[in-house]
Amino acid sequence: MSSSEPDIAARDLGTLGEIATRLEGRVIGNPDLRVLGVAAIDEAQAGHLTFATDARYLRNALNSKAGAILTEPLALDELGEEPRKPLIVVASTRAGLAALLRSYEPPRPSGTHIDPTAVIDPSATLGPDAIVGPHAVVGARSKIGARATLGAGSVIGADARIGDDAVLAPHAAFLDRCIAGDRLMLHAGAVIGSDGFGYVFGDEGWVKIPQVGTVVIGNDVEIGANTCVDRAQTGATRIGDNTKIDNLVQIGHNCRIGRAVAIAGHTALAGSTTIGDGTRVGGISAFRGHVTVGSRVTIAGHSMVWGDVPDGAFISGNPAQNHRDELRWQASLRKVPKLIERVDALERESP
């Protein structure tokens, strides 16, 4: 880190023993060692706490400059040697790190703060303790719950409904008649309620089919930067509670996404795709549309989903299929050049 870069991880977090108590973990080594910040393995300096999710990362962390390491029992068991640095051992490294980094978040200002350049329709309702940034817009008859944070240039359309503790980052848009529960998080540039891609081809070319539906989002949903969720042609595009959607994702009209779904970046769902609860979708995947994916499905990155998928499946490839079958297929493909060489050699030898 250059001297001109701020060390955002620099903060006295207390002793290892105090941190372990907060994280419900245990200390191996000196519990009185003070922690002066959190940093990744390659950036950690003396006094920093770094983190390791498996034995490979734990070995790297032990060879780093970090003063101590946050890890979990499985990584420690797989290490196979006595650690040379103090450790905090928690049930899950990622969960422990998340809890620790939350202490870095600045407290939200109390009270209502509305920038004078914001445009709020007189018929709109803002709950108490709202923070509204420069040039934000709230449309007619919209209702927004308590402690909303509307970033600069964000837009809430007419007749929209949002629950408590919503955060719209700068230039996020939550358009007309869309509905969301509590603790909605929209990152910068996300658009909820854009028109679905609906056209019919006529004598004079493409004719737009009006998209008169809406988008309904549950509680604790987070949607990444520049992701678009299209409103339904009729009815609603739906996203269930606790679902997390990465940056640059396209959700087509009338899609139905269940609870606790995770969708990684650059993924695209064509219209009327259904995804069940607890499913995980790797990045740069695509769905044909009008397909149903079950619950607790794992879809590897770069998958092309062309048909229905049962509960609990693990699929990959193009077209996506059972992951083990895809691996066997890929292994077979690598043998093709040698097979062609053998066939060519046999043909040359034949009379």
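(A) Just the packing of aromatic side chains, in detail. In the structure shown here, the tally under the stated rule is two aromatic pairs. Ring plane angle 70° and centroid distance 5.2 Å describe the contact between Phe197 and Tyr199, whose orientation is recorded as edge-to-face. Under the relative-accessibility criterion, Phe197 is labelled exposed at 70%. Tyr199 sits in the partly exposed class, given a relative accessible area of 36%. Ring geometry for Phe201 and Trp206: centres 5.0 Å apart, planes at 75°, overall edge-to-face. Exposure remark for Phe201: the relative accessible area of 57% places this residue in the exposed category. Positioned above the aromatic ring of Tyr57, the side-chain terminus of Arg56 is 4.6 Å from the ring centre.

(B) Fine view of the pairing of strand β23 (residues 214-217). With two bridges joining them, strand β18 (residues 179-180) and β23 adopt parallel strand pairing. Residue pairing in the sheet places Ala180 in a bridge with Ile217 of β23. Two strands pair when backbone bridges link them, and β23 and strand β26 (residues 236-239) are joined in this way by four bridges, in the parallel orientation. Note that in β26 the partner of Val216 across the bridge is Arg238.

(C) Helix α2 (residues 55-62), seen in detail. Listing the buried residues of α2 in full gives Ala55, Leu58, Ala61 and Leu62. Along α2, the residues classed as buried sweep out an arc of 115° about the axis, all on the same side. Buried residues along α2 sit in contact with β4 (49-51), β5 (68-71), α3 (73-79) and β6 (87-89). The opening residue of α2 is Asp54, an N-cap whose side-chain oxygen sits 3.2 Å from the backbone nitrogen of Arg56.

(D) Representation of the nonpolar core within the structure. Counting 47 residues, the largest nonpolar core has Phe174, Ile217 and Ile223 as the members making the most contacts within it. In contact with Ile223, not counting residues within four places along its chain, are Met185, Leu186, His187, Ala190, Ile192, Ile217, Val229, Ile239 and Ile245. Within the second largest apolar cluster, 15 residues are counted, among which are Val38, Ala68, Leu97 and Leu100.

(E) Layout of a nonpolar patch on the surface. On the surface, a nonpolar cluster with roughly 580 Å² of combined accessible area is contributed by Phe197, Tyr199, Phe201 and Trp206. Relative to the elements of secondary structure, Phe201 occurs in strand β21 (residues 199-202).

(F) Structural view of the pattern of salt bridges. Enumeration according to the criterion identifies eight salt bridges in this entry. The salt bridge partner of Asp165 is Arg147, with a shortest N-O separation of 2.6 Å. Pair noted here: Asp165 is in the loop between β15 (161-162) and β16 (167-168) and Arg147 is in the loop between β12 (143-144) and β13 (149-150), with a separation of 18 residues, a long-range link. Residue classification places Asp165 among the partly exposed positions, given a relative accessible area of 27%.

(G) Summary view of the sheet that holds β15. What the nine strands build is an open sheet, ordered β9-β12-β15-β18-β23-β26-β29-β32-β35; its pairing is parallel. Edge strands, defined here as strands with exactly one partner in the open sheet, are β9 (125-126) and β35 (292-293). The sheet contact formed by β12 and β15 spans two bridges and is parallel. Note that in β15 the partner of Ile144 across the bridge is Ile162.

(H) Spatial organisation of the sheet that holds strand β10 (residues 131-132). Read from one edge to the other, the open sheet built from twelve strands follows the order β7-β10-β13-β16-β19-β24-β27-β30-β33-β36-β38-β39, with strand pairing classed as mixed. Lying at the two open borders of the sheet, with one neighbouring strand each, are β7 (113-114) and β39 (321-322). Both strand β27 (residues 244-245) and strand β30 (residues 262-263) contribute to a ladder of two bridges, which runs parallel. Counted as the bridge partner of Lys244 is Ala262 from β30.

(I) Structural detail: the environment of Leu168. Within the secondary structure layout, Leu168 lies in strand β16. Sequence separation between Leu168 and Thr71 is 97 residues, and the spatial gap between their C-alpha atoms is 34 Å.

(J) Representation of the environment of Val200. By secondary structure assignment, the location of Val200 is in strand β21. Residues in contact with Val200, not counting those within four places in the same chain, are Gly205, Trp206, Val207 and Ile209.

(K) Quick peek at the pairing of β5. Residue alternation in β5 divides its side chains into two sets, Ala68 and Leu70 and Ile69 and Thr71, and both sets are buried. As a crossover connection, the stretch from β4 through α2 into β5 is right-handed. Two elements, β5 and β6, share three bridges in a ladder whose sense is parallel. Bridged to Leu70 within β6 is Ile88.

(L) The arrangement of the side chain of Lys85 in detail. Structurally, Lys85 can be placed in the loop between α3 and β6. Among buried Asp, Glu, Lys and Arg side chains, Lys85 stands out as unpaired, with Glu81 the closest opposite charge at 11 Å. A distance of 2.8 Å separates a polar atom in the side chain of Lys85 from the backbone oxygen of Ala66.

About the cut-offs
- Residues numbered from 1 in each chain as written.
- Predicted model: local features only at pLDDT ≥ 70, side-chain atom pairs only at ≥ 80, totals over all residues.
- Heavy atoms only, no water.
- Phe/Tyr/Trp six-rings, centres within 6.5 Å; stacked < 30°, edge-to-face > 60°.
- Buried < 20%, exposed > 50% of the residue type's maximum accessible area, 1.4 Å probe, protein only.
- Lys NZ or Arg CZ within 6 Å of the ring centre and 35° of its normal.
- Pairing = 2+ DSSP bridges.
- Helix = DSSP H or I, 4+ residues; strand = E, 2+ residues; numbered from the N terminus.
- Arc of directions from axis to C-beta.
- Contact = heavy atoms within 4.5 Å.
- Polar contact = N/O pair within 3.5 Å; in protein donor to acceptor, adjacent residues only side chain to side chain.
- Core = buried A, V, L, I, M, F, W, Y, C linked by side-chain atoms within 4.5 Å.
- Patch = residues over 30% accessible without salt bridge, like charges linked within 9 Å, V, L, I, M, F, W, Y side chains within 5 Å.
- Areas by Shrake-Rupley, 256 points an atom, 1.4 Å probe, with all protein chains shown as cover.
- Salt bridge = Lys/Arg side-chain N within 4 Å of Asp/Glu carboxyl O.
- Right-handed = clockwise from strand over helix to strand, strands pointing away.
- Lys, Arg positive; Asp, Glu negative; His and termini not counted.

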